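Residue strings, one per chain:
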Amino acid sequence: MDLATLLDRCRQGDDLAWEAFVRQFQGRVYSITSTYTGHPEEARDLAQDVFIRLYETKGRWVEAEVFVPWLIRVSRNLCLDHLRRKKARPPAEDVLADEMVDLAATGATPESELAASRDRHVVWRAVRSLGRLSREMILLKEIQGLTFQEIAASLGVPVGTVKSRSNRARLELAERVLALERGGTVGPEA
Amino acid sequence: MKAVMNCQDFDRRLDALLDAACAENEWREAEAHLAGCPRCRALLEGAAGRGPVLDEAGQASLTASVMRKTGGDPCGSARDRLCGFADGTLEAFERDLVAGHVSNCGRCAALADALARSAAVLPSFATLTPPEPFVSDVLSATSFRPAEPSVLGRLGEWLGRAAIRPRFSLEVAYVCTLLLAIVFGNPVKAFKETASRAEAYAQPRVEVAVGRIAAPLAAARATGETVVGKTVGRLSAAASAAPAPSGFLPMARRWWETGVVERLRSMLDAAAGWVRSAEELANDLAARLLGKQPPAARGPGEPPPAAVR
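Residues numbered from 1 in each chain as written. Chains lettered and ligands numbered in written order. Predicted model: local features only at pLDDT ≥ 70, side-chain atom pairs only at ≥ 80, totals over all residues. Heavy atoms only, no water.

## So, the overall build of chain A
In terms of helices and strands, chain A carries 8 helices and 0 strands. Each helix (α) and strand (β) of chain A, taken in turn from the N terminus, gives the series α-α-α-α-α-α-α-α. Burial analysis of chain A (190 residues in total) assigns 51% to the buried set. Long-range contacts, defined as pairs at least 24 residues apart, comprise 65% of the intrachain contacts of chain A with a sequence gap of at least 6. Here chain A has roughly 9,100 Å² of accessible surface; of this, 51% comes from carbon and sulfur atoms. (Helix = DSSP H or I, 4+ residues; strand = E, 2+ residues; numbered from the N terminus. Buried < 20%, exposed > 50% of the residue type's maximum accessible area, 1.4 Å probe, protein only. Contact = heavy atoms within 4.5 Å. Areas by Shrake-Rupley, 256 points an atom, 1.4 Å probe, with all protein chains shown as cover.)

What follows is the structure, encoded as structure tokens:
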């Protein structure tokens, strides 16, 4: 489906196009909110808020060529707002439910599926245990696949800084993966 | 006599022997020496590259030992390039350097492996499946919602979001202070003008009050001085005149002689002094309040000044 057409139809108020839009981007938005919150229900509510915000501001959407980076930036900003509000108003109970996030395996055989699933869970836990800066770098560069230039524009930092941060974050993630595989624990820093 | 080569001679000629740059007789002497000297045979084999070699563990140990004593731990440099190595973006020379290190360093090899596995897994997190029914919830949440909320609605939402921030109370206090300053002016300026306004308010009233005090004081002083002068004159005249047999004058003469008159006079002088002091005090007060020089103190015979205005 052509993204430019889909965005145009959404702007014109076509409900069917809007539904297709939600279906197309729900996974990506939910992935971003999950990375920030780590709690499936909270991530789901936050993803819904992102779509509601998008719906309310669809007259101000950017063009299709730069839409995905823009969508990621909007989602990230909403997540950061949410985390700030949450910090200002701590929840009555804090449930750590990283393992509850749906990480469906994609392996071909049961063995490879099991190995892939184990890898995915370990890497996901390692991502969740990273500090905020490193986690953002992993999310934007490695998970969402933004370019260094797009990340630099989004974060307002020089490209060189993004590159060095990205390298550091990847090494930190690899070390945490190894620590988890050795049976160690890595606590969330953020 | 046939020359015999010893071990020292062999060491000195070793380079020439290896380079085949020695004379024939030297070769013969060297061969004769080598036949009976296992030490020099081993030396020649080693120098020619045919000696015993280190196994892998020995090589690794030697490398590590040399690095410790020279360049330090190479893992830091390797880590700087591990991401590029895992991504396959290093140039061939750099890749070979890192590959050489990784093949001999278990820690960096494990890290490179974890990097590669993470890089393979991470893109799969780009989309995750939200719990159902997500789409229908979003659609129902947006179906009756205006696409563009009104300005008031946006303002309300913004206020709602802002109000839960910890800094909100501080920001509101700051804005309110600014508004008060805009509406009512600069409070510091008002305080600065207070002194001049108070002075302008008080000056005429102080002048009137001082005038009211000074006039009766001056009148009282003049009256007192007149009365004292007349009394003293009468008493002096009576004292110098012949004593009368009876009446006021003998009694006055007796008072004069016994010092009563003198005490009366001193009392009157003191009263006149009090009046003068009160007058000077009033003048001084007026001068302090109005910032004018007080009039010079005057003697008992000087005329009273006009009331301060």
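That covers the picture; the talk isn't over yet.
## Description of the packing of helix α5 (residues 75-87) of chain B against helix α6 (residues 92-102) of chain B
Residues and elements named next belong to chain B. Two elements in contact, α5 and α6, have axes separated by 10 Å at closest approach and are oriented at 120°. Relative to α6, the element α5 is oriented oblique. In this structure, the crossing between α5 and α6 has a hand that is left-handed. On the side of α5, the interface is formed by Cys75, Ala78, Arg81, Leu82 and Phe85, while α6 contributes Glu94, Arg95, Leu97, Val98, Ala99, His101 and Val102. (Axes fitted to C-alpha atoms, helices over the stretch in contact; angles between N-to-C directions. Parallel < 35°, antiparallel > 145°, perpendicular 65-115°, else oblique. Left-handed = near helix turned anticlockwise from the far one by under 90°.)

## Describing the pattern of salt bridges
Inspection of every chain in the model, using the stated rule, returns 19 salt bridges over all chains. Of the charged contacts, one joins B:Asp137 and A:Arg44 as a salt bridge, the two residues approaching to 2.3 Å between their closest N and O atoms. Highlighted residues: B:Asp137 in helix α8 (residues 134-143) and A:Arg44 in helix α3 (residues 40-56), drawn from two different chains. Taking the relative accessible area as the measure of exposure, B:Asp137 reaches 27% and is therefore partly exposed. Classification of A:Arg44 as buried rests on a relative accessible area of 7%. What you see here is one network of salt bridges that share partners, running through A:Asp119, A:Glu181, B:Asp113 and B:Arg117. (Salt bridge = Lys/Arg side-chain N within 4 Å of Asp/Glu carboxyl O.)

## Side note on the confidence of the model for chain B
All names here are of chain B. Chain-level statistics for chain B give a pLDDT mean of 77 and a share of 80% at 70 or above. Across chain B, the element-wise mean pLDDT spans from 67 in helix α4 (residues 56-69) up to 89 in helix α7 (residues 106-121). A low-confidence stretch, residues 305-309 (pLDDT under 50), is modelled with 12 contacts involving residues beyond four sequence positions or located in other chains. Two numbers describe this predicted complex: its pTM, 0.51, and its ipTM, 0.72. (pLDDT = per-residue confidence, 0-100.)

## Re the interface of chain A and chain B
Between chain A and chain B, the contact holds 47 residues from the first and 43 residues from the second. Summing the contributions of chain A and of chain B, the shared interface buries around 4,100 Å²; its carbon and sulfur component is 63%. At the surface where chain A touches chain B, the tally comes to 5 salt bridges. Between chain A and chain B we count 13 residue pairs in polar contact (both at pLDDT 80 or more) in total. Listed by contribution, the elements that provide at least two residues to the side of chain A that touches chain B are α2 (15-37), α3, α4 (67-88), α5 (110-129), α6 (132-143) and α8 (159-181) of chain A. (Buried area = accessible area lost by both parts, 1.4 Å probe. Polar contact = N/O pair within 3.5 Å; in protein donor to acceptor, adjacent residues only side chain to side chain.)

## As for a nonpolar patch on the surface
Taken together, the side chains of B:Tyr174, B:Val175, B:Leu178, B:Leu179, B:Leu180, B:Ile182, B:Val183 and B:Phe184 define a hydrophobic patch exposed on the protein surface, amounting to about 900 Å² of accessible area. By secondary structure assignment, the location of B:Leu179 is in helix α10 (residues 168-184). (Patch = residues over 30% accessible without salt bridge, like charges linked within 9 Å, V, L, I, M, F, W, Y side chains within 5 Å.)

## Things to note about the nonpolar core
With 74 residues, the main nonpolar core has A:Trp18, A:Phe21, A:Phe51, A:Leu54, A:Trp61 and A:Phe67 as its most contacted residues. Split by domain, this core shows at least three residues from each of two domains, domain 1 (3-86) and domain 2 (100-181) of chain A. Apart from residues no more than four positions distant in its own chain, A:Leu54 is found in contact with A:Trp18, A:Phe21, A:Trp61, A:Trp70, A:Leu71 and A:Val74. Within the second largest apolar cluster, 10 residues are counted, among which are B:Met5, B:Phe10, B:Leu34 and B:Cys40. (Core = buried A, V, L, I, M, F, W, Y, C linked by side-chain atoms within 4.5 Å. Domains from an automatic or database assignment.)

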